[in-house]
Amino acid sequence: MSEINSIIKPENLIYKRTEVLSDNDLSYCPGCGHGTVHKLIAEVIEEMDIQDTTIGIAPVGCSVLAYNFLEIDWQQAAHGRAPALATAVKRLMPEKNVFSYQGDGDLAAIGTAETIHACNRGENIVMIFINNGIYGMTGGQMAPTTLPGMAASTCPAGRDVSHDGEPIKISEILAQLPGTCYVTRQSVHTAANVRKTKKALRKAFENQQANKGTSLVEVVSNCNSGWKMTPIKANEWMEENMFPYYPLGDIKSE
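Keep in mind that this is a model prediction, so the values were computed, not measured. (Residues numbered from 1 in each chain as written. Predicted model: local features only at pLDDT ≥ 70, side-chain atom pairs only at ≥ 80, totals over all residues. Heavy atoms only, no water.)

K.L.:
Any chance you could explain the overall build of the chain here in plain terms?
P.N.:
If you tally the helices and strands in the chain, you get 10 helices and 7 strands. Relative to a compact globule of 254 residues, whose C-alpha radius of gyration would be 18 Å, the chain shows 18 Å and is just as compact. For the chain, the C-alpha atoms occupy an extent of roughly 70 × 45 × 30 Å along the three principal directions. Split into buried and exposed, the 254 residues of the chain put 50% on the buried side. Taking as baseline every contact in the chain between residues at least 6 positions apart, the subset at least 24 positions apart corresponds to 68%. Carbon and sulfur atoms make up 54% of the accessible area of the chain, which amounts to about 11,700 Å² in all. Measuring between centres, the 22 positive side-chain charges of the chain sit 4 Å from its 28 negative side-chain charges. (Helix = DSSP H or I, 4+ residues; strand = E, 2+ residues; numbered from the N terminus. Rg over C-alpha atoms; globule rule 2.2 N^0.38 Å. Buried < 20%, exposed > 50% of the residue type's maximum accessible area, 1.4 Å probe, protein only. Contact = heavy atoms within 4.5 Å. Areas by Shrake-Rupley, 256 points an atom, 1.4 Å probe, with all protein chains shown as cover. Lys, Arg positive; Asp, Glu negative; His and termini not counted. Charge placed at Lys NZ, Arg CZ, Asp CG, Glu CD.)

Spelled out as C-alpha cells, the structure:
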C-alpha cells in the first residue's frame, strides 16, 4: 500500500475526468456517439482554459439537452436556427468562444439556409455537426443524409434516389464557400478516431480565436436505435456503408 501511495501524486496523473462535464446522466442511447463528442468538447474547453468565455448554441434533436451536460453558458435555438443565433452572439460579444452543436436534420434540412449563409459570410464561429444519417429523436425518419437504399420509418423500403434525390454532402458544399476556413469530417467509433476528432475540435476553436472565419467539424456517428442495430453492429455498418459515402478527413484547411 505504501508503494501505491508513493505514486499517487499529481505529477503522475495520466487521466482525469474533465470538470467541464456536469454530473448529470447522459440522455443518449447506449453506444451513441454524442456522449463521446460532448466529452471531447469539454476536454478541449478545459485544456484551452476558455470555460468562462465559451457559449454553446443547443439545437433541436437528440442533443437538445446538451446544456445539461457541459458546464458552460448556453443558448437554445429554434430548430435549424443555431447558426443564426451563434452569429448574433458572436457579433454582440466577439470576445466569446461560440459554437453550435447540431445534428443532420437540424443543420442540413430545416437549417440549410442558416448554415449556408453563415458559412458564406465567414462568421467567426465553430459549427459541430453530428451526422448519423437519420432523424434520431423524432422516430427514425429519412434525413437529408440518409444513404441510398437505407431504410427509415418514412422510407421502410429504403431511400429511393429517383424519388427522394441523393443524400446531401453538406460539408463538401460548405467547403466551397469563401467564408469557411476549416471543414473536416471525423468519427468517434475507435480510440484513434477519437484522438483525431479532438485534434480537429481544438483546431476549430483555435481558428476562431485567430479570427479566420467559420470552422465546421462533422462527426459521422451511428444511431443504433434508429438503425435498429446493436451498438457494435451499428459501428460495423457505419464503417461499411457511411464512410465510403462520407469519407473521413480534412476537406478544407486554410
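K.L.:
What's the story with helix H3 (residues 82-92) in this structure? I'm lost.
P.N.:
At 3.6 residues per turn, the α-helix brings residues three or four places apart onto the same side. The complete set of buried residues in H3 reads Ala82, Pro83, Ala86, Thr87, Val89 and Lys90. In this structure, the buried side of H3 is in contact with strand S1 (54-58), strand S2 (73-76), strand S3 (97-103), helix H5 (112-121), strand S4 (126-131) and helix H8 (191-209).

K.L.:
Can you walk me through a negative patch on the surface in this structure?
P.N.:
A contiguous patch of negative charge on the surface is contributed by Glu46, Asp49, Asp52 and Asp73. Within the secondary structure layout, Asp73 lies in strand S2. Under the relative-accessibility criterion, Asp73 is labelled partly exposed at 47%. (Patch = residues over 30% accessible without salt bridge, like charges linked within 9 Å, V, L, I, M, F, W, Y side chains within 5 Å. Salt bridge = Lys/Arg side-chain N within 4 Å of Asp/Glu carboxyl O.)

K.L.:
Please explain the UniProt feature "domain: Thiamine pyrophosphate enzyme TPP-binding" (unreviewed entry) in the chain as it appears in this structure.
P.N.:
Residues given the UniProt feature "domain: Thiamine pyrophosphate enzyme TPP-binding" (unreviewed entry) here are residues 70-219. Annotated as residues 70-219, this span is 38% helix and 21% strand, and its ends, taken at the C-alpha atoms, are 18 Å apart. (UniProt positions renumbered as here; feature names shortened; annotations may be inferred.)

K.L.:
For this particular structure, what's the right way to read unusual backbone geometry?
P.N.:
With the exception of glycine, the majority of residues adopt a negative phi angle, and the majority of peptide bonds are in the trans configuration. A positive phi angle, close to 60 degrees, is found at Asp49, a residue other than glycine. On the accessibility criterion, Asp49 (68% relative accessible area) is exposed. Phi at Asn211 is positive, roughly 55 degrees, even though this residue is not glycine. Take Asn211: it is sitting in the loop between H8 and strand S6 (214-220).

K.L.:
In this structure, what is going on with the pairing of S6? I would like to understand it.
P.N.:
Along S6, 7 of the 7 residues are buried, which leaves the element largely enclosed by surrounding structure. Neither face of S6 is open: one carries Thr214, Leu216, Glu218 and Val220, the other Ser215, Val217 and Val219, and all of them are buried. Taken together, the 6 bridges between S4 and S6 define a ladder with parallel strand orientation. Directly across from Ile128, in S6, lies its bridge partner Val217. The β-α-β motif built from strand S5 (residues 180-187), the intervening H8 and the parallel element S6 has right-handed crossover chirality. (Pairing = 2+ DSSP bridges. Right-handed = clockwise from strand over helix to strand, strands pointing away.)

K.L.:
Before we go on, may I ask you to explain the environment of Ile116 in this structure?
P.N.:
The topology assignment puts Ile116 in helix H5. The residues touching Ile116, leaving out its near neighbours within four places in the chain, are Leu174 and Leu177.

K.L.:
Looking at this model, I keep getting lost on the sheet that holds strand S7 (residues 249-253). Mind explaining?
P.N.:
Hydrogen bonds between backbone groups are what pair the strands of a sheet, and the pairing can be parallel or antiparallel. With mixed pairing, 7 strands are arranged side by side in an open sheet as S2-S1-S3-S4-S6-S5-S7. The open sheet has two free edges, formed respectively by S2 and S7, since each of these has just one partner strand. Shown here is a sheet whose adjacent strand axes are inclined to one another by a mean of 15 degrees, direction ignored. Examined bridge by bridge, S3 and S4 share 5 bridges and lie parallel to one another. (Axes fitted to C-alpha atoms, helices over the stretch in contact; angles between N-to-C directions.)

K.L.:
What should I look at first to understand the nonpolar core in this one?
P.N.:
Soluble globular proteins: nonpolar side chains tend toward being buried together. In this structure, Val37, Ile41, Ile45, Leu70, Phe99 and Ile128 are the most contacted members of the largest nonpolar core, which totals 32 residues. Elements with a minimum of two residues in this core: helix H2 (34-47), S3, S4, S5, H8 and S6. By size, the runner-up hydrophobic cluster in this structure holds 19 residues, among which are Ile55, Ala77, Val98 and Ile125. (Core = buried A, V, L, I, M, F, W, Y, C linked by side-chain atoms within 4.5 Å.)

K.L.:
So what exactly am I meant to see when it comes to the pattern of salt bridges here?
P.N.:
Close approach of charged atoms allows side chains with opposite charge to pair. For the structure shown, the criterion picks out 12 salt bridges. Via salt bridges that share partners, Lys39, Glu43, Glu47 and Lys198 belong to a single interconnected network.

K.L.:
Explain the state of the cysteines to me, please; I cannot follow it from the model alone.
P.N.:
On inspection of all chains with the given rule, the structure shows 0 disulfides. Free cysteine Cys62: the closest other cysteine sulfur is in Cys223, separated by 6.0 Å. (Disulfide = S-S within 2.5 Å.)

K.L.:
What's the story with empty space enclosed by the protein in this structure? I'm lost.
P.N.:
Where empty space is left can be seen by rolling a probe of water-molecule size over the atoms. Scanning all chains against the criterion turns up 1 cavity of 30 Å³ or more. Reported here for the largest cavity is a volume of approximately 190 Å³. For the lining of the largest cavity, the elements supplying multiple residues, two or more each, are S3 and helix H4 (104-110). Sorting elements by how many residues they give to the lining of the largest cavity places H4 first, with 3 residues. (1 Å grid on protein atoms, 1.4 Å probe; cavity = no way out; pocket = protein on both sides within 12 Å on 5 of 7 lines; lining within 4 Å. Points joined across faces, edges and corners; volume = space filled by probe spheres on them.)

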